[in-house]
Amino acid sequence: MGKIKKLFGNFNMTWSRVLILSAAAAIYTAFVNIVPLFNDTSVQDIAVYLDWWFVFAIFIVVNCNKWWEASLKCFVFFLVSQPLIYLIEVPFSSLGWSLFGYYGYWAKITLLTLPGAAAAFLLKKKNWLSVLVLSVATGYFAYSCVMYFTMAVWNFPHHILSCICSVFLALFFIFILLDKKELRTAALILFVLILIIFVIIALISASDNTKTIDLGDGEWSYTVEDDSIVAVEIGQNNIAAVSPRKSGGTYVRFSNADGNEREYYVTVSGGGVWVYEFTD
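Residues numbered from 1 in each chain as written. Predicted model: local features only at pLDDT ≥ 70, side-chain atom pairs only at ≥ 80, totals over all residues. Heavy atoms only, no water.

Enquirer: Just checking my understanding: could you explain the overall build of the protein chain for this structure?
Expert: Counting its secondary structure elements, the protein chain contains 8 helices and 7 strands. The C-alpha extent of the protein chain, read off along each of the three principal axes, is 75 × 45 × 30 Å. Relative to its full complement of 280 residues, the protein chain shows a buried share of 40%. Relative to all contacts within the protein chain whose residues are 6 or more apart in sequence, the contacts with residues 24 or more apart total 61%. The positive charge centre, built from 18 side chains, and the negative charge centre, built from 20, are 28 Å apart in the protein chain. (Helix = DSSP H or I, 4+ residues; strand = E, 2+ residues; numbered from the N terminus. Buried < 20%, exposed > 50% of the residue type's maximum accessible area, 1.4 Å probe, protein only. Contact = heavy atoms within 4.5 Å. Lys, Arg positive; Asp, Glu negative; His and termini not counted. Charge placed at Lys NZ, Arg CZ, Asp CG, Glu CD.)

Enquirer: Would you explain the nonpolar core in this entry?
Expert: A general tendency of soluble globular proteins is for nonpolar side chains to be buried together. In terms of nonpolar packing, the biggest core is built from 53 residues, with Phe8, Trp53, Phe77, Leu123, Phe141, Phe173 and Leu177 touching the most fellow members. When contributions to this core are tallied by element, the ones reaching two or more residues are helix H2 (15–34), helix H3 (51–61), helix H4 (67–89), helix H5 (103–120), helix H6 (128–154), helix H7 (160–177) and helix H8 (181–206). Excluding anything up to four places from it in sequence, phenylalanine 77 contacts Val18, Leu21, Ser22, Ala25, Trp53, Phe56 and Ile60. Leu215, Ile229, Val252 and Phe254 belong to the second largest nonpolar core, which has 14 residues in total. (Core = buried A, V, L, I, M, F, W, Y, C linked by side-chain atoms within 4.5 Å.)

Enquirer: What exactly am I supposed to notice about the packing of aromatic side chains here?
Expert: How two aromatic rings sit relative to each other is given by the distance of their centres and the angle of their planes. Going through the model one piece at a time under the given rule, you end up with 23 aromatic pairs. Note on tryptophan 53 and phenylalanine 56: the rings are 5.2 Å apart at their centroids and 75° apart in plane angle, and the pair reads as edge-to-face. Here tryptophan 53 pairs with phenylalanine 56, and both are found in helix H3, just 3 residues apart, close to one helical turn. As far as the burial class goes, tryptophan 53 and phenylalanine 56 line up, both buried. Seen in terms of ring centroids, tyrosine 222 and phenylalanine 254 are 6.3 Å apart; in terms of plane orientation they differ by 55°. Their pairing is tilted. In this pair, tyrosine 222 is assigned in strand E2 (residues 220–224) and phenylalanine 254 in strand E5 (residues 248–256), connecting sequence segments 32 residues apart. Taken together, the aromatic side chains of Phe54, Tyr140, Phe141, Tyr143, Phe168, Phe172, Phe173 and Phe198 make up a single cluster linked through ring pairs. Here lysine 73 stacks its cationic end above the ring of tryptophan 15, 5.5 Å away from the centre of that ring. (Phe/Tyr/Trp six-rings, centres within 6.5 Å; stacked < 30°, edge-to-face > 60°. Lys NZ or Arg CZ within 6 Å of the ring centre and 35° of its normal.)

Enquirer: Sorry if this is basic, but what is going on with the pattern of salt bridges here?
Expert: A side chain with one charge may pair with a side chain of the opposite charge, provided their charged atoms come close. Overall, the coordinates contain 2 salt bridges when judged by the stated rule. Notably, a salt bridge pairs arginine 253 with glutamate 263, separated by 3.1 Å at the nearest N-O pair. In this pair, arginine 253 sits in strand E5 while glutamate 263 sits in strand E6 (residues 261–269), placing the two residues 10 residues apart along the sequence. Among the residues examined, arginine 253 registers a relative accessible area of 33% and is labelled partly exposed. (Salt bridge = Lys/Arg side-chain N within 4 Å of Asp/Glu carboxyl O.)

Enquirer: How should I be thinking about the sheet that holds strand E4 (residues 239–244) in this particular structure?
Expert: Taking strand neighbours across the sheet as the criterion, the 3 strands line up as E1-E4-E3 in an open arrangement whose pairing is antiparallel. With one partner strand each, in any of the chains shown, strand E1 (211–214) and strand E3 (230–234) form the two edges of the open sheet. Across this sheet, the average inter-strand angle for adjacent strands is 20°, counted without regard to direction. (Pairing = 2+ DSSP bridges. Axes fitted to C-alpha atoms, helices over the stretch in contact; angles between N-to-C directions.)

Quick look at the structure:
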């Protein structure tokens, strides 16, 4: 544990090491995105969600000596790593250069690292402000833990490793970055409270994850391309209810005696349902 603590506070984070870390993170992330075997698994989560990017950012910040240094080095890390991920993936993607259309999301995060890393520099103070700053990261880990668990329920055992890892990372940072018992206790209580809040939100959301479609007048029937993914039921007033069964995507088509047809593509992820209608 002592050697790990030295890495998070006494590592010489030079500019060259920032660039090496950027390249290494980018190459790994691009690799797990390219290999089909890793699709929708815990291994690929680094390419989709923020968990490990929090780890990289905190590692850089606590190994800087000035707040402005932490801000600039964290910014450069994201500025280099994120475009490099897409650049590596372009030759392997059917989207080609259009893949950079997804970069907008990460570009915003990159800009937020400038003020975010400056605020995160307070972690080095190891005081009550450090607890509040750390709660941002542990709060996200609480959210991601619940998110991954929900996704695992619908596509077990995918993402269950990420769920466990989220809890581990929260506890890891609490015990590595805080050295006083009262600070650690407060940080643990905050983490547990936030975790409970997200569990409650997830339970409420899970009880209302059915989408409805108003078909209008007529006698309608339907076909589902893969009924293992969703269940469909046409109720009163021709309101069709689409409920999730497992993660995936499938087509749902409705038709009536008048020759009217309506086609939808339904996606189920983490128990949530998204319905897209095809129109001429």
